[in-house]
Amino acid sequence: MDPVATEGSRMACEDAFEAVWSRARGYRGWLTEGQARLLFSCALGAPQPARILEIGSYEGRSTVVLATAIAGTDGSVVAVDPFVDDWKYGSPTTRRSFEAHIAQAGVDGHVQLIADYSTAVRPGWSAPLDVLFIDGKHDVVTVLDDLRWARHVRTGGVVLVHDCFSSVGVTLGVLSLLRPGSRLRYADRSGSLARFEVGSVGLVDRGRLLAQLPWWLRNLALKLLLRARLGGVARRLGHDSPYDPY
Ligand SMILES: C[S@@+](CC[C@H](N)C(=O)[O-])C[C@H]1O[C@@H](n2cnc3c(N)ncnc32)[C@H](O)[C@@H]1O
């Protein structure tokens with residue numbers, strides 16, 4: 001391949017990421033820049049036209065990043081979110097903010113919203129997926145159900161799980177991937193956003209997933225310290241932020 005053309009396309013991707021991140025970082029949400037980069041590169045690297053399914057969209061920070069990565073193709077992002085009305089994860093205006101952000105980013109032609117619970121949508125779903133992003137309800141029962149969406153992801157596809165090692169419910173759910181017959185191989189992570197590849201899973205892969213548990217315990221300890229207003233102790237442990245580790 002022509003190295004000049006390759007460098008040109010790498011820079012175009014970088015510019016596209018910078019442009020979407022400068023927009024999306026202004027929406028309320030928890031996704032960090034590193035995590036947005038990981039989502040962007042997974043969407044970009046999927047065979048095109050890609051079908052991406054996102055569980056948990058909130059104001060659209062991750063949705064806009066995923067949709068921008070596939071904007072020059074016939075690909076689509078299916079965004080599944082009931083827009084719950086609770087103290088932390090939404091209000092009656094969240095859906096309106098989501099729709100406005102998708103339109104302002106010019107990706108409404110690539111986003112299909114299903115305003116419902118992932119657990120209600122899953123039993124009727126049959127289409128194959130290239131990328132699955134899980135960032136919905138964080139209790140273990142829902143996470144176990146959300147991981148079952150992965151059976152629709154083709155071999156070689158990607159499953160991304162947010163708060164993978166920073167939440168009790170998500171981590172307990174993800175530990176189910178240690179069972180025999182699991183098809184989700186832990187690859188790497190950006191903060192608490194973990195990337196899994198769909199394929200065969202060996203003992204070494206299971207060991208690499210288990211090796212993240214000390215980091216999970218550290219994050220739980222940090223969250224407890226922050227709840228107990230012991231931010232100074234958290235800082236001494238290397239957590240230089242008033243917010244939970246994500
Ligand atoms: C952490 S926020 C998602 C953040 C978003 N991915 C972003 O990057 O800004 C969690 C979202 O999950 C949604 N949610 C809660 N239960 C859900 C479920 N069962 N299925 C899908 N979404 C759910 C909430 O309405 C909320 O918008």
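See above for the structure.
Residues numbered from 1 in each chain as written. Predicted model: local features only at pLDDT ≥ 70, side-chain atom pairs only at ≥ 80, totals over all residues. Heavy atoms only, no water.

J.: Looking at this structure, I do not really get the site of the ligand. What am I missing?
T.: Around the ligand, 21 residues are found, and the nearest of them are Gly56, Ser62, Asp81, Ser118 and Asp135. Measuring from an oxygen atom of the ligand, one finds a backbone N or O atom of Tyr58 at 3.3 Å. Surface burial for the ligand is 97%, taken as the share of its 600 Å² of free accessible area covered by protein chains. Residue composition of the shell around the ligand, grouped by class: eleven nonpolar, six polar and four charged. (Near = heavy atom within 4 Å. Polar contact = N/O pair within 3.5 Å; in protein donor to acceptor, adjacent residues only side chain to side chain. Areas by Shrake-Rupley, 256 points an atom, 1.4 Å probe, with all protein chains shown as cover. Nonpolar A, V, L, I, M, F, W, Y, C, P; charged D, E, K, R; others polar.)

J.: Any chance you could explain the pairing of strand β3 (residues 111-114) here in plain terms?
T.: Along a regular strand, successive side chains alternate from one face of the sheet to the other. In terms of strand pairing, strand β2 (residues 76-80) meets β3 through four bridges, oriented parallel. Paired with Val78 across the strands is Gln112, a residue of β3. (Pairing = 2+ DSSP bridges. Helix = DSSP H or I, 4+ residues; strand = E, 2+ residues; numbered from the N terminus.)

J.: It is not clear to me how the environment of Phe40 should be interpreted in this structure. Could you clarify?
T.: Tracing the backbone through its elements, the reader meets Phe40 in helix α2 (residues 33-45). The spacing of Phe40 and Ser176 is 136 residues in sequence and 27 Å in space, taken between C-alpha atoms. Residue contacts for Phe40: discarding those within four places in its chain leaves Cys13, Ala16, Phe17, Val20, Val65, Thr68 and Ala69. (Contact = heavy atoms within 4.5 Å.)

J.: Which parts of the structure should I look at to understand the sheet that holds strand β1 (residues 51-55)?
T.: The strand order across the open sheet formed by seven strands is β3-β2-β1-β4-β5-β7-β6, and the pairing between neighbours is mixed. The sheet terminates laterally at β3 and β6 (184-190), the two strands that pair on one side only. Sheet twist, expressed as the average angle between the axes of neighbouring strands with direction ignored, equals 20 degrees. Sheet topology places strand β5 (residues 153-161) next to strand β7 (residues 193-198); four bridges connect them, and they run antiparallel. Among the inter-strand pairings, Leu160 is bridged to a residue of β7, identified as Arg195. In the packing of helix α6 (residues 140-147) onto the sheet, the strands contacted are β1, β4 (129-134), β5 and β6, and the crossing angle to β4 comes to about 170 degrees. (Axes fitted to C-alpha atoms, helices over the stretch in contact; angles between N-to-C directions.)

J.: Help me understand the pattern of salt bridges in this model?
T.: Close approach of charged atoms lets side chains of opposite charge pair. Going through the model one piece at a time under the given rule, you end up with 14 salt bridges. Note that Asp145 is salt-bridged to Arg122, the shortest N-O span being 2.8 Å. Note that Asp145 is positioned in helix α6 and Arg122 in the loop between α5 (118-121) and β4, a separation of 23 residues in sequence. Neither residue differs from the other here; Asp145 and Arg122 are each classed as buried. Note that Asp139 and Lys137 form a salt bridge whose closest N and O atoms lie 3.9 Å from each other. By relative accessible area, which is 28% here, Asp139 ends up partly exposed. Residue Lys137 is classed as exposed on the basis of its relative accessible area of 58%. Through salt bridges that share partners, Glu14, Glu18, Glu33 and Arg37 make up one connected network. (Salt bridge = Lys/Arg side-chain N within 4 Å of Asp/Glu carboxyl O. Buried < 20%, exposed > 50% of the residue type's maximum accessible area, 1.4 Å probe, protein only.)

J.: Explanation requested: a nonpolar patch on the surface in the structure shown.
T.: On the surface, Val140, Val141, Leu144, Val168 and Leu172 cluster together into a nonpolar patch covering about 390 Å² of accessible area. Counting residues per element, the ones that place at least two in the nonpolar patch are α6 and α7 (168-174). When residues of the nonpolar patch are assigned to their parent elements, the largest contribution, three residues, is made by α6. Assignment of secondary structure puts Val140 in helix α6. (Patch = residues over 30% accessible without salt bridge, like charges linked within 9 Å, V, L, I, M, F, W, Y side chains within 5 Å.)

J.: Hey, could you run me through the packing of aromatic side chains in this one?
T.: Aromatic ring pairs are described here by two measures, namely the spacing of the ring centres and the angle between the planes. Overall, the coordinates contain seven aromatic pairs when judged by the stated rule. Aromatic side chains Phe17 and Trp21 sit 6.4 Å apart centroid to centroid with 5 degrees between the ring planes, which places their arrangement in the stacked category. Of the two residues, Phe17 and Trp21 both sit in helix α1 (residues 3-24), four residues apart, roughly one turn of that helix. Here Phe17 and Trp21 have matching classes, each one buried. (Phe/Tyr/Trp six-rings, centres within 6.5 Å; stacked < 30°, edge-to-face > 60°.)

J.: Teacher, can you tell me more about the nonpolar core here?
T.: Nonpolar side chains in soluble globular proteins tend to end up buried together. Of all hydrophobic cores here, the largest spans 33 residues; its most connected members are Leu39, Ile52, Val65, Leu66, Val111, Phe133 and Leu160. Elements that contribute at least two residues to this core include exactly α1, α2, α3 (61-69), β2, α4 (94-104), β4 and β5. If you look at the next biggest cluster of nonpolar residues, it comprises 31 residues, including Leu53, Trp149, Ala150 and Tyr186. (Core = buried A, V, L, I, M, F, W, Y, C linked by side-chain atoms within 4.5 Å.)

J.: Whenever I open this one, the side chain of Thr94 confuses me. Can you help?
T.: Looking at where Thr94 falls in the secondary structure, it is placed in helix α4. Non-local contacts of Thr94, meaning those with residues more than four positions away in its chain, are made with Tyr58, Glu59 and Phe83.

J.: Hey, could you run me through the packing of α1 against α2 in this one?
T.: Packed helices, taken two at a time, are described by the angle between their axes plus the distance between the axes. Interaxial distance between α1 and α2 falls to 11 Å at its minimum, and their mutual angle equals 130 degrees. Between α1 and α2, the angle falls in the class oblique. Considering only the axes of α1 and α2, their crossing is right-handed. Residue-level contacts link Cys13, Glu14, Ala16, Phe17, Glu18, Val20 and Trp21 of α1 to Glu33, Ala36, Arg37, Phe40 and Leu44 of α2. Across the contact of α1 with α2, the residue classes tally to eight nonpolar, no polar and four charged. (Parallel < 35°, antiparallel > 145°, perpendicular 65-115°, else oblique. Left-handed = near helix turned anticlockwise from the far one by under 90°.)

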